[in-house]
Amino acid sequence: MLLRRITIENFRGITKLAFELDRTTVLVGENNSGKTTVLEAINLCLARQQNRRVPPFEEYDYHLSGSASDPRTAPPISIQLDFEEEKADEWPDAVVQALDKALQVMASGLQCVRLRVSGSYDATLKEFVYSWDFLDLAGKALPRNPRLLGELQHLCPVFYLRAVRDAAQQFQGKAQFWPHFTRNLQLDDAKREELEQQIEEINQSVLDAHKPFDEIKSRIAKAAALVPLGQTDNVAIEALPARVFDMLSRTQVKMAATTGARLPVGQHGAGTQSLAVLFLFEAFLNAKLAEAFTAESEPILALEEPEAHLHPSAVRALWGTLDGLKGQKVLATHSGDLLSVVPLPCIRRLARKGGVVQAFRVNPGTLSKDDERKIGYHIRAKRGALFFARCWLLVEGESEYWFLPEAAHLTGKDFESNGVACLEFSQCGLEPFAKLANELGIEWHVLVDGDAEGAKYEKTATGLIGAALKEDRITRLTKDFEHTLWDHGYDHVYESSVGRPQQRAMIKSAEGDPDYPREVIKAALSGVGKPALSVAVVEAMSSPGSPGVPPEIAVVINKVHELVRR
Amino acid sequence: MIDLSSLNTNQRRAVEWGDGPLLVLAGPGSGKTRVLTYRIARLLDATPNERFRVLGITFTNKAAAEMRTRMESLLPEGRDRALLSTFHSFAAEILRQHGSHVGLRPDFTILSQEADREAALAAAIAGACPGDEARDYPAARLMPVVDRLLGDGVRPHEANSWLEKGRYPESALIAGVYEAYVSSLIAANQLDFGSLIVVVCDLLQRTPAISKQLRRVYKYVCVDEFQDTNAAQYRLLQELVPGTNPNLFVVADDEQVIYQWNGADPRRLQKIRADYSMDTIQLPEDYRCPPEVVRIANRLIKHNEDRAPDKQDLTANREAGGETCVRILRRDTVHQEIAGIRSDILKRAPDDRPHCVVLARTRKLLELAVADFSTNGLPACVSIRKTEFQSGPLRWLHSLLRLANSRQDREQVRRVCKAFYAVEGVDLRVEDVVARSSVCEGDFLRSWVQLALANVGVGEEARRVLDSGVIGLLERADHWGVIEASFKWFATLKQKEHELPDGALDDYDDEAATWTRLQQDIADEFGRSEVTLHSFLQGLDLRSKEPPAPPDAVRCYTIHTAKGLEFKHVYLMGLAEDQLPSWAAVKKGDASLEMREERRSCFVAITRAELSLSLSYASDYFGWAKRPSRFLSEMGVIKG
C-alpha cells in the first residue's frame, strides 16, 4: 500500500504542509525545515504500539507561536495520511477485506484509505482530546471502528531509524532491534542443559585457578547475618554467565579492524558503527516482517540521515542498499553525495517561505529529457550540495564564479553561511538550472554581461521568471564583466597581467584608444586565465585604498542576500 | 467443526452447500433460520485463515438480532466475519461509508415519520411545479406513486420512462417531482426508507468500483425470507452479487408471499432462479404444526394454481397433541365471535394465555377484539409498528440527540422545546433559541441549553443533566453519558408526576424499557464503544419503538405481523368471505393474483400453530350477512 500523501497541520514547527510521496522519497532541507517532523508524524500515526487510549501528542507537539503561547490555545494538530492504489486491483483481497469499512473509491475507480489523527485542547473538559478517524472523500469522519486502525498498522508498519546511531547502544539487550535476535532461545532443552553443565565446569576451573575470589566470597557471605539470604552457598561468583539465555543477552558483535584485531562494534569508528546499525536494521526488518506480519504487509521505512558519519563514496554506495530494502522509504538527508545518486523525482525539498514550511519537488513534465540529462551531469553528479542552497547565483563563466563570493566577503557578506551558491551556466545553458530552481523553490538570480550574448541570456531568463519580479531574477551589466572591473579602477591589474611578448603583441591600440581595454583584457585572459585574473582583481580589491566592489556587482550581492531572507 | 447431527438430511444438504447459487424452498416450521445460521457458521468455520465476510440479510432487525445471538453461540470467533443485517441497515452502512459520492455525509438521518416525508414531498412539488400549479398536486396524492417508484428501485433519471411505461398521466411532471424529492432529501442530509435503497442502487450503478469492493469483502451473501423482497431490494441484491460465480444462498417460501402490496411478487422467485441459474433444495419437513394442521394447510395451498409443479407437500414431524388440534368456532355476529374466542381463552390456565394469539386479516377486527377482551378482564395487546417515542421524557431525549447530531435543525429545536415543556413545564420558545444561536456560532443545541439554564423555572434535577454538561458530553460525542444522566433525571420525574401536564409520563415505563432494549440491540450490532451518535440515531430510526407485550396479555396480530412467529394456540378470526379473502380479492375472482395472495395469507396464519388451531367465523359482519370463507371448505374443515 503506497502512502501517497501526507498533510500536516499545526504540528510542531509546521503550520500547514502537504505533499505527495513516492515509493522512495528523499527529504532535503536545512536544519529545522521539518524533515524530522514529517518522519515523526508518519511514525506517530502508524507505529504499532499506538492505540486510542494512549495520547499520540505531547504538549510541545502543538504549534506554538510566540513566547507567550500555550498548547491549550494552540490550533488543533491534524496529521492526515492518504494511501492510494496506483493501478486498478492493486490491493489484494486480503487488504480490501481487512480495511473494508475504511476504504473509499476515488473518481478514478482506484481505492484509497485516509487516516487523520488529530488533537486539541477541549476547554469544556479541561483536557487534551485526540481522535483517530478514517475519512470519506469529502473529509468527513467515517463511523469509528478500532479494528481498522490495527489493520492499517499491521498492513503498513512503520520502522523508524533515527539519526543518532551509536553501535554500543544499539547492539545491547535493551536496544530497539538487537534483542529480537538474542531472545527466543532456539535450543532444545537437552542441548541447553549439556551446555550449561559445560559452562559450569569451565566456570569452576576459572575460579579454582583464581584465588582472590575466596576472600571476597567469605566477606560478602557475612551479609547473611544482616539481611535474609539463602541458607547455603549464598554467594557465587560467575566468571561466565551460567545460563544460556543470559549468555545470549550479552553477546557481542565484533568486527575485524584494519589491523586484523577483532574489536567490539562499539569500538569502531562512527561510520562503521552507523553502517553496522543500518544493516542490523535491515536484518531486523526481514526477520520481523517474516514472523509478525502477513504477506500483504508492506512496511514504511522512515530513515533519518542514513549517511551519517560515512565518507562520500560509502554514501553513494549506500543508496544501493537503501533502494533494495523492502517497503516504501522516506529518507531525510543532509548529504549532497547521497542526493547525487538519488533520482530527481524522489526529492522533496522542504523550505521555509515567510516562516511557513513548504515542500517543493520537480513536477513530472517540467523538465525535458535534455534538461534532465544536463542537470544529471552538472548538478547531481558533481554538486549534490546545490540542493541545499537557498539561492543560486547563476553566472556566465569562471571569472564571475571565482570573483563574486570574494567580493561578497569584502562587503561583509558571506555566500556560504547564507545559503547562496554560485553556479556557472555557460556550459549547460540557463534553462535547466532556472527550471529546477523554480520547481524546488530555490531562489535564483542571473548575472549577465552587457553584450550580445548577455542579451540572449537575458531573454531566456525573462521567459523563466514566472510570477517573480524581473529585478529579483536578472541583472544585466552595462558592459561585460571584465570591462566593469576595468572601469571601476582595476585596469592596472589587467595591464600588469600582460607579461609575455606574444600577449603584448596582441595589443594593437595605444592607451586611451577605445579598443585598448578590450585588447588588454583579451591579452591578459589568454595569458594567465580567468581564475588567476579573478584572484588578482580580488587581491587588488582587498588591498588598502582600493576602489572596492563595483556598484553594479554590489547590487547583485545585496539582491541575493535579500532573496535568501524572504 | 460445527456439529450438524441435529439436522435432517435436507437441512444438512443445504447447510453443507459450498459455492454457487442455491435456493432453499422452506415451508413453515422447517427450521430455515437454523439452516441459514448453520450454513454461515460452517462457511466461516471452514475458512479460519480467510478474511472475507458473509452477509446475511434478514427482513427485520429483530430477526437479524436473533440470528446474531444464534451465530454467536454456534461460532463465537465468527462474530466479526458475519454481518447480519437488513436491506435497509446494510444500505445505510454503505451510504455512511460511500455517501460522499452522492452528497451525503456519514451522519445523515432517516425520516421515518410519514408527516415529515409529506412535508418534504410538498416542498419538492412546490419546487418542481411552475406557479400556482403546485396546489393541484397535494403531497398526499402523489405519495403513493412516489412510493411505487421507490419500491421498484427506480433511479431518479429513470422515472420518466418508468412512468410512461406504466401509462401514468403527467409522467414528466411526476418524474420531476420524484427527482426533486430525492435530491431535496439528500440536500438536507436525510433519506427515507425507500430512498435509502434507491440511492444506494444509483450509487453502485454509477460507481461500479464500490460494488466490486463490496463483492470482494462479502464473498457470500445469504438472504432470508426472499419472497418478501421488493424490486428495489432485488436490484440492490443484484449489485451485491455478481452474475458469474455468484455465492448466493437464498431461503424463501413461495407459499408465504403476502407482501404483494409492498412490492413483493411471487414471480420474483422465478426470476432469481432464472437470473442466477439456481439449484433448489426443498425443506418440506414441518416441525411446528400438528399433523392435522399440516394436512389442511396442504389441502388449502393446492388451490393456488400458479404453484411450482415440483413443489413438495409439507410433511408433519410433530406429535399430535392431546387436545383436539383443529376446531371450528361459528357464531352469528362478529361480537359473538369475539366473545366466543374470549371465553375459550379464559377457560385456559392463566399462564397459558400469553401463548395464545388472535390473528385476523385486518386491524379493524383486532381492535374490536382488544376492546372486548380488555373490558372483560382479559388483558390483550395489539402489535403496531411505532416510528417515534410518545412519552415526554423520551421525546425530549431523542430530539436532543438529534439536535446534537444536526446543530442547526429547527424542527428538532421545536421538538426539544415541546417535550421539555411537557416534562419540565418550562416553555422555551423556538425563536429565542434561534435568535440566541447567533452568539453560539449558530449552534442551536448550545443556545437551547444556555436558555434553559438561564430560566429559573428549571428544576434542580433537570439542571444537573444540562449543567453537568449535556454540552460537554455532546461535544465529546459521548451520547452514552447523556443518556445515562437523562434516565437518572427521568426517574425523579415519577415522584412529581402530579405536577406535570396530564399524560406527560404515559407509556414512559414501556418506552424506557424499549429504549434500553433497542440501545442494547444497536450496541450489539456495532460494538458499544463504536456506536457513534449518528449510527445510534440511524439505528433507532430503523427500528420499531413498539413496546414488548405485557407478559400476561393475549397477543393480537394481523397475519402480516405474525409472519415468522409461532404460538401454541392460534385463533384465526374472520374466516368469512369479504374478510378473509378480502372484499377486493373476492371481487377480482378466484383465479386472481389477489385471491392467491389471500390464500397464502390464510396458509401463513394457520401454520403459526404449535398445539391448537381455532378457526372462527360469524355469519354477519357489521350488519352484512357473509358466507363462510371459501378457504374453510378448501381446507376440508366444513362442507363447501
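Conventions and cut-offs
- Residues numbered from 1 in each chain as written.
- Chains lettered and ligands numbered in written order.
- Predicted model: local features only at pLDDT ≥ 70, side-chain atom pairs only at ≥ 80, totals over all residues.
- Heavy atoms only, no water.
- Helix = DSSP H or I, 4+ residues; strand = E, 2+ residues; numbered from the N terminus.
- Rg over C-alpha atoms; globule rule 2.2 N^0.38 Å.
- Buried < 20%, exposed > 50% of the residue type's maximum accessible area, 1.4 Å probe, protein only.
- Contact = heavy atoms within 4.5 Å.
- Areas by Shrake-Rupley, 256 points an atom, 1.4 Å probe, with all protein chains shown as cover.
- Lys, Arg positive; Asp, Glu negative; His and termini not counted.
- Charge placed at Lys NZ, Arg CZ, Asp CG, Glu CD.
- Pairing = 2+ DSSP bridges.
- Axes fitted to C-alpha atoms, helices over the stretch in contact; angles between N-to-C directions.
- Buried area = accessible area lost by both parts, 1.4 Å probe.
- Salt bridge = Lys/Arg side-chain N within 4 Å of Asp/Glu carboxyl O.
- Polar contact = N/O pair within 3.5 Å; in protein donor to acceptor, adjacent residues only side chain to side chain.
- Phe/Tyr/Trp six-rings, centres within 6.5 Å; stacked < 30°, edge-to-face > 60°.
- Lys NZ or Arg CZ within 6 Å of the ring centre and 35° of its normal.

Undergrad: I'd like a description of the overall build of chain A, backed by residues and values.
TA: The secondary structure content of chain A amounts to 22 helices and 18 strands. Relative to the 2.2 N^0.38 estimate, which gives 24 Å for 566 residues, the radius of gyration of chain A is 32 Å and therefore markedly larger than a compact globule would have. The dimensions of chain A, computed from C-alpha atoms along their principal axes, are 110 × 70 × 50 Å. Among the 566 residues that make up chain A, the fraction classed as buried is 49%. Long-range contacts, defined here as pairs at least 24 residues apart, represent 71% of the contacts in chain A between residues at least 6 apart. Total accessible area computed for chain A in this model is approximately 26800 Å², and 52% of it derives from carbon and sulfur atoms. Each charge class in chain A can be summarised by its mean position, and for the 65 positive and 76 negative side chains these summaries are 2 Å apart.

Undergrad: Tell me about the sheet that holds strand 16 (residues 420–424) of chain A, residues and numbers included.
TA: Residue and element names in this part refer to chain A. If you walk across this open sheet you meet the four strands as 16-15-17-18, and the pairing is parallel. Bordering the open sheet on either side are strand 16 and strand 18 (474–476), each of which pairs with just one other strand. The mean angle between the axes of side-by-side strands here comes to 20 degrees, regardless of whether they run parallel or antiparallel. Sheet topology note: the strand 17 (residues 443–448)/strand 18 ladder contains three bridges and is parallel. Within strand 18, the position partnered with Val-448 by the bridge is Arg-476.

Undergrad: Lay out the interface of chain A and chain B in plain terms, naming residues and giving numbers.
TA: Listed by partner, the interface residues are 32 residues for chain A and 26 residues for chain B. For the pair chain A and chain B, the summed buried area comes to about 2500 Å², and 49% of that belongs to carbon and sulfur atoms. Of all residues in chain A, Gln-97, Lys-101 and Val-105 of chain A give up the largest surface area on contact with chain B, accounting jointly for 24% of the area buried on that side. With its nearest N and O atoms 2.3 Å apart, the salt bridge here joins Glu-151 of chain A to Arg-51 of chain B. Remark: the boundary between chain A and chain B carries 14 residue pairs in polar contact (both at pLDDT 80 or more).

Undergrad: If you had to explain the sheet that holds strand 2 (residues 53–58) of chain B to someone new, which residues and values would you point to?
TA: Residues and elements named next belong to chain B. With parallel pairing, the six strands of this open sheet are ordered in space as 3-2-6-7-1-8. One side of each edge strand has no neighbouring strand; the edge strands of this open sheet are strand 3 (82–86) and strand 8 (279–283). Each neighbouring strand pair of the sheet contributes to a mean axis angle of 20 degrees, computed without reference to strand direction. The sheet contact formed by strand 1 (residues 22–26) and strand 7 (residues 248–252) spans four bridges and is parallel. Note that in strand 7 the partner of Leu-23 across the bridge is Val-250. Helix-sheet contacts for helix 3 (residues 61–74) involve strand 2 and strand 3, and the interaxial angle to strand 3 is about 160 degrees. Helix 12 (residues 266–275) contacts strand 1, strand 7 and strand 8 of the sheet and is inclined by roughly 150 degrees relative to strand 1.

Undergrad: Let's hear about the packing of aromatic side chains: which residues, and what values?
TA: Counted according to the given criterion, the structure contains 28 aromatic pairs over all chains. Here Phe-425 of chain A and Tyr-457 of chain A contribute two aromatic rings whose centre-to-centre distance is 4.7 Å and whose plane-to-plane angle is 85 degrees, an arrangement assigned as edge-to-face. Taken together, the residues Phe-425 of chain A in the loop between strand 16 and helix 15 (430–440) and Tyr-457 of chain A in helix 16 (residues 452–462) connect sequence positions 32 residues apart. By relative accessible area, Phe-425 of chain A is classed as buried at 0%. Measuring from centroid to centroid gives 5.9 Å for Phe-490 of chain B and Tyr-508 of chain B, while their planes differ by 80 degrees, and the two rings are edge-to-face. With Phe-490 of chain B in helix 22 (residues 479–493) and Tyr-508 of chain B in helix 23 (residues 508–526), this pair connects stretches of sequence that are 18 residues apart. The residues Phe-490 of chain B and Tyr-508 of chain B share a single accessibility class, namely buried. Ring pairing ties together the aromatic residues Phe-389, Trp-396, Phe-420, Trp-448, Trp-480, Phe-487, Trp-489, Phe-490, Tyr-508, Trp-515 and Phe-536 of chain B, which thus form one cluster. Directly above the aromatic system of Phe-52 of chain B lies the positively charged group of Arg-81 of chain B, at a separation of 4.8 Å from the ring centroid. The ring of Phe-622 of chain B is capped by Lys-364 of chain B, whose NZ or CZ atom sits 4.1 Å from the centre of that ring.

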